[in-house]
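# A closer look at the structure
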Amino acid sequence: MTDELRTSVVGSSARPSWFVAGIAAAERGEFGSADLQEMLDDAVDLALRDQEEAGIDVVSDGEMRRAGFFTAEFFRHVTGVQAMPAERRLGVGAHDQQHRFEALEPISAPDGLGVVAEYRYAVRRTTRPLKVTLPGPYTLSGRLDSGPGRIYADRNAAAEAFVPILRAELEGLVAAGADFIQIDEPSPAIHPDAPADFAALFNAAVEPIVGRARLAAHLCFGNYLGRPLARRTYGPVLDAMLGFRVDELVLEFANREMAEVEILGEIAAAGRHVGAGVIDVKNSYLETAGDVAERIDVVLAAGVPPEKLTLLPDCGFSQTTRAAARTKLAAMVAGRDLVLERNGRKDR
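Cut-offs used in this document
- Residues numbered from 1 in each chain as written.
- Predicted model: local features only at pLDDT ≥ 70, side-chain atom pairs only at ≥ 80, totals over all residues.
- Heavy atoms only, no water.
- Pairing = 2+ DSSP bridges.
- Helix = DSSP H or I, 4+ residues; strand = E, 2+ residues; numbered from the N terminus.
- Buried < 20%, exposed > 50% of the residue type's maximum accessible area, 1.4 Å probe, protein only.
- Polar contact = N/O pair within 3.5 Å; in protein donor to acceptor, adjacent residues only side chain to side chain.
- Expected span 1.5 Å × (residues − 1).
- Contact = heavy atoms within 4.5 Å.

### Details of the sheet that holds strand β3 (residues 100–108)
Ordered in space as β2-β3-β5, the 3 strands form an open sheet in which the pairing is mixed. One side of each edge strand has no neighbouring strand; the edge strands of this open sheet are β2 (79–84) and β5 (144–145). Relative to β3, β2 is paired through 5 bridges, and the arrangement is antiparallel. From the neighbouring strand, Gln82 faces β3, where its bridge partner is Glu102.

Spelled out as structure tokens, the structure:
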């Protein structure tokens, strides 16, 4: 890997059919703890192999141990909550069918959120740089029922309750050797008018590890069932994004036909690295290397120095078929190589 035009992933990998069937069987009580552990280990190994075979430079564990969509697994580690029934179970799938929890008492996670153990396994299973991913405080708070008369009077109060939990998890990750951590906090883009200081919440969570690991923030528009959750524009929240104490901002562009790509030049000029989404995970169209190369050219033309740029899919692949995800990853690497060759840079 050179220092120019590195490739990575946002976090989750596509789930093969046997994994989906296995999770369903485990939820029915058909697996013992050893059976489940073996399947999850195998799933992480497969996710790493898929990324390595595609030629990805900086890999993740595929978030394969997080069987529910994005935040669900973390609540298995949180005490003081109970699951709430979905208000809508029928009809077209949408964000209002996701898991929610009622807080019965102030929350805690006495044994952590499980991310340290995820890292310790994955780092032994690959020789490539490994990125660890986890959600931020405002994202996690969205799954808690808050309001007058409840344990948390509003969502901001619930988010503040997650800050010490995340601080402890992040400190544990750095102590275990993690040197690249990405926090997924799409809230500023999704809730531009919310009465919350997203940067302050985020910065309070990461404060103990600033300068001790490479930090990234992934800010997207939602991807449950491949569907966004907000008006898709970064412009109104640029100042909020730049307030995050991170080395890199990870943003999505491919599914928006590279709209607002000029914002990447502003972010780079502000001294940050950028992760640019050049693969559309919300579209079944399979990009060619030429498609990806064109998108990379647009990003570079926006004023992003190659050494400050990481190329990624727009979001995770948990809502994408495995065959499509593998093809898209390979196209991303091939497109990067086309750009390098065309510009006379070192061939990888």
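From this point on, the discussion continues.
### Some points on the side chain of Asp337
Within the secondary structure, Asp337 is located in helix α11 (residues 322–342). With relative accessibility at 17%, the residue Asp337 sits in the buried group. There is a polar contact of 2.7 Å between the side chain of Asp337 and the side chain of Arg336.

### A closer look at helix α2 (residues 33–54)
For α2, spanning 22 residues, the distance from its first C-alpha to its last is 32 Å, which sits close to the expected 32 Å at 1.5 Å a residue. Among all positions of α2, only Met39, Leu40, Asp41, Ala43, Val44, Asp45, Ala47, Leu48, Asp50, Gln51, Glu52 and Ala54 are buried. Packing partners of the buried residues in α2 comprise α1 (17–27), α3 (115–123) and α11.

### Some details on the environment of Lys282
Mapping Lys282 onto the fold places it in the loop between β9 (273–279) and α10 (289–301). C-alpha of Lys282 to C-alpha of Ala230: the two residues are 52 residues apart in sequence and 14 Å apart in space. Contact partners of Lys282, with chain neighbours within four places excluded, come to Gly222, Asn223, Gly226, Pro228, Glu252 and Asn255. Within the local environment of Lys282, its side chain forms a polar contact with the backbone oxygen of Gly222, the two atoms lying 2.8 Å apart.

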